[in-house]
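Each chain is listed here by its residues.
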Amino acid sequence: MEGIVQDPQGGHHIAAALSGASVTFGSFTALSDISLEIGAGEFWTILGPSGCGKSTMLRLVSDLVPPAAGTVEILGKSTEAARLAREFAFVFQDATLLPWRSALKNVELPLEMGRKRGIDIPRGERTPRELLELVGLKGREDALPHELSGGMRQRVAIARALVCQPRLLLMDEPFGALDEMTRDRLNMQLLEIWRETGVTCLFVTHSIPEAVLLGQKVLMLRAHPGRVKEVVEIDLPEPRHVELRETPEFNRYSSYLRKSLEDC
Amino acid sequence: MTVIESLPETVDANTAPEPRAQSLHLRRLTNAAVPLGTAAVLLLIWQFGVRYFDVPTYIAPAPTDVGAVFLEELPLLMRNFWPTFTVSIVGFLAGNLAAILIAVTFVHSRVMERAFFPIAVFINTIPILAIAPILVLIFGPGLTAKVVIAGLICFFPTLVNMVRGLQSVNPQTLELARILSASKSEIFWKIRLPSSLPFLFSALKIAATTCVIGAIVSEWIGADVGLGALIIDSTFNYRSPLLYATVFLSSGLSVLLFASVTIAEKLVVRW
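Worth saying up front: this structure is predicted, and the values here are computed from it rather than measured.

A. Focus on the side chain of T84 of chain B. All names here are of chain B. Considering the arrangement of structural elements, one finds T84 in helix 4 (residues 74–108). Owing to a relative accessible area of 0%, T84 belongs among the buried residues under this scheme. One polar contact links T84 to E219, side chain to side chain, over a distance of 3.0 Å. Excluding residues that lie within four positions of it along the chain, T84 makes contacts with A215, I216, E219, G226, L227, G228 and L253.

This is the structure we're talking about:
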């Protein structure tokens, strides 16, 4: 893959900043007093017991749920302004492709939506066709989602997320439903895309090895209510590769995180 | 991934296609032959049963009698076919269009749904045979009453299915739309409406056969043309072979409409 895109974060050093942010649903507190600064271009993975608000945190950052207290800023803007400027994109656990649209048409969806609101839709440097090639789906542009495997569908979803060239990529267990081999391949592909585009990544997972393999930093959340337990810096040689999993350093991080997860 | 994806292809290319294509062809042939054979056997039993037990023609005509009348009276049958065809089609279009539009308002306004859905359920509980005379009294003996009756019978299944179809959107897809700052009309045209199409077509298949029932019922009440009128006429005149021929023609109309909807579905819903 070619050279790194120049200054993808547009001069900002902090991609997302949360300060004292809480989320409540009625009387239930999903997230409480979250303060974090996510550096531009960093790859963060989020771990935590179920019900700790991992997904809620992505939904808070992506303006899907409002903070009950505190503030969330993306590249110095409010989450709403960032949403309207397409600064971030979301990849869900399901590929959430529209089944009647071809792979290419699905990737083009973000370019068609939001026009009625009069928002200025940024076009990335890569065309939808080039993005499908980037995720390894050249030649499958006209395939309908049901003609693609689960891994391929998720790759279409990633291409769709990249079409407006976001500076923050939010991923909610995107590979959780895939088999291990497919997952490994997509993890490596994602890291390649991350290195090449310089996009900041926030990646929720419930797999400790996946969190260590991908993340420069692992955010460990605690449940009831969801709070930050700790942020673990993963100091492993770049570029990361699946073989890293057999190294003692990798296992040290894994077992540390496993213990940390147990006493959440 | 590569291995998993390419493996079935190599199997396909080398060994499978010939015998598989052949057996598929054979299976299709038997699939068609079994029901056709059964129907032929039943017709034979009917033919010989009627002849053997000497059943009078006005009680139960033999298939050959019906066939003969079908050929003899073809001009009469066709003269009565077209009015029923028109009522069925216009009723189908009107009833379904009304159901689709009302479903759209229900999905966009909970108040409308709460106000009018119970009324729709109530109307659906009235047997069409009971309400048909009332509609003829209201709209007169012309085309309008017949279309309203045929439309009414299509209305409810389409309304219910269309509401379900429009609401069948995956919640994550709606979150995606929100992240893309999509407007309500964009969500409707690009997400909700296409999502509803499989539901709509299963309702339209029901409507394709029920609209013919509605048309025939409407012609029982004071009509002088149409398959419904011909059914009443041939019954009261003990012209049983003509009655049977009319009934077969009615069911042929239903099959025709059903097949048209099925073909349209295959062309539209390709996912």
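B. Spatial organisation of the UniProt feature "domain: ABC transporter" (unreviewed entry) in chain A. What UniProt calls "domain: ABC transporter" (unreviewed entry) maps, in this numbering, to residues 16–244 of chain A. Helix makes up 30% of residues 16–244 of chain A and strand 27%, with an end-to-end C-alpha separation of 29 Å.

C. View of the sheet that holds strand 3 (residues 43–47) of chain A. All names here are of chain A. Spatially, the six strands line up as an open sheet ordered 6-7-8-3-9-10, and their pairing is mixed. Each edge of the sheet is formed by a strand with only one pairing partner; in this case those strands are strand 6 (88–91) and strand 10 (227–233). Looking at each pair of strands side by side, their axes are set apart by 20° on average, direction ignored. In terms of strand pairing, strand 3 meets strand 9 (residues 217–222) through four bridges, oriented parallel. Directly across from I46, in strand 9, lies its bridge partner L219. Against the sheet, helix 8 (residues 248–262) makes contact with strand 3, strand 9 and strand 10, and its axis sits at roughly 170° relative to strand 10, the strand it touches most.

D. Representation of the sheet that holds strand 2 (residues 28–39) of chain A within the structure. Residues and elements named next belong to chain A. Overall, antiparallel pairing links the four strands, which are arranged 2-1-4-5 in an open sheet. In this open sheet, the two strands that pair with only one neighbour each are strand 2 and strand 5 (77–78). Taken together, the eight bridges between strand 1 (residues 14–25) and strand 2 define a ladder with antiparallel strand orientation. Within the sheet, the bridge partner assigned to A21 lies in strand 2 and is I34.

E. Representation of helix 3 (residues 103–112) of chain A within the structure. Along helix 3 of chain A, eight of the 10 residues are buried, which leaves the element largely enclosed by surrounding structure. Those residues of helix 3 of chain A not exposed but buried are A103, L104, N106, V107, L109, P110, L111 and E112 of chain A. On its buried side, helix 3 of chain A packs onto helix 4 (128–134) and helix 5 (150–162) of chain A together with helix 8 (171–179) and helix 9 (184–220) of chain B. In the segment just after helix 3 of chain A, G114 of chain A is the residue with positive phi, at about 90°.

F. Examining the domain arrangement of chain B more closely. Residues and elements named next belong to chain B. Segmentation of chain B into domains returns domain 1 (23–55) and domain 2 (60–268). The C-alpha centroid of domain 2 is placed 31 Å from the C-alpha centroid of domain 1. Across the contact, six residues belong to domain 1 and eight residues belong to domain 2. Around 570 Å² of area is buried between domain 1 and domain 2 when both sides are counted, 65% of it from carbon and sulfur atoms. By the criterion of area lost to domain 2, the three top residues of domain 1 are W46, Q47 and R51, representing 71% of everything that side buries.

Reading the values: the criteria
Residues numbered from 1 in each chain as written. Chains lettered and ligands numbered in written order. Predicted model: local features only at pLDDT ≥ 70, side-chain atom pairs only at ≥ 80, totals over all residues. Heavy atoms only, no water. Helix = DSSP H or I, 4+ residues; strand = E, 2+ residues; numbered from the N terminus. Buried < 20%, exposed > 50% of the residue type's maximum accessible area, 1.4 Å probe, protein only. Polar contact = N/O pair within 3.5 Å; in protein donor to acceptor, adjacent residues only side chain to side chain. Contact = heavy atoms within 4.5 Å. UniProt positions renumbered as here; feature names shortened; annotations may be inferred. Pairing = 2+ DSSP bridges. Axes fitted to C-alpha atoms, helices over the stretch in contact; angles between N-to-C directions. Domains from an automatic or database assignment. Buried area = accessible area lost by both parts, 1.4 Å probe.

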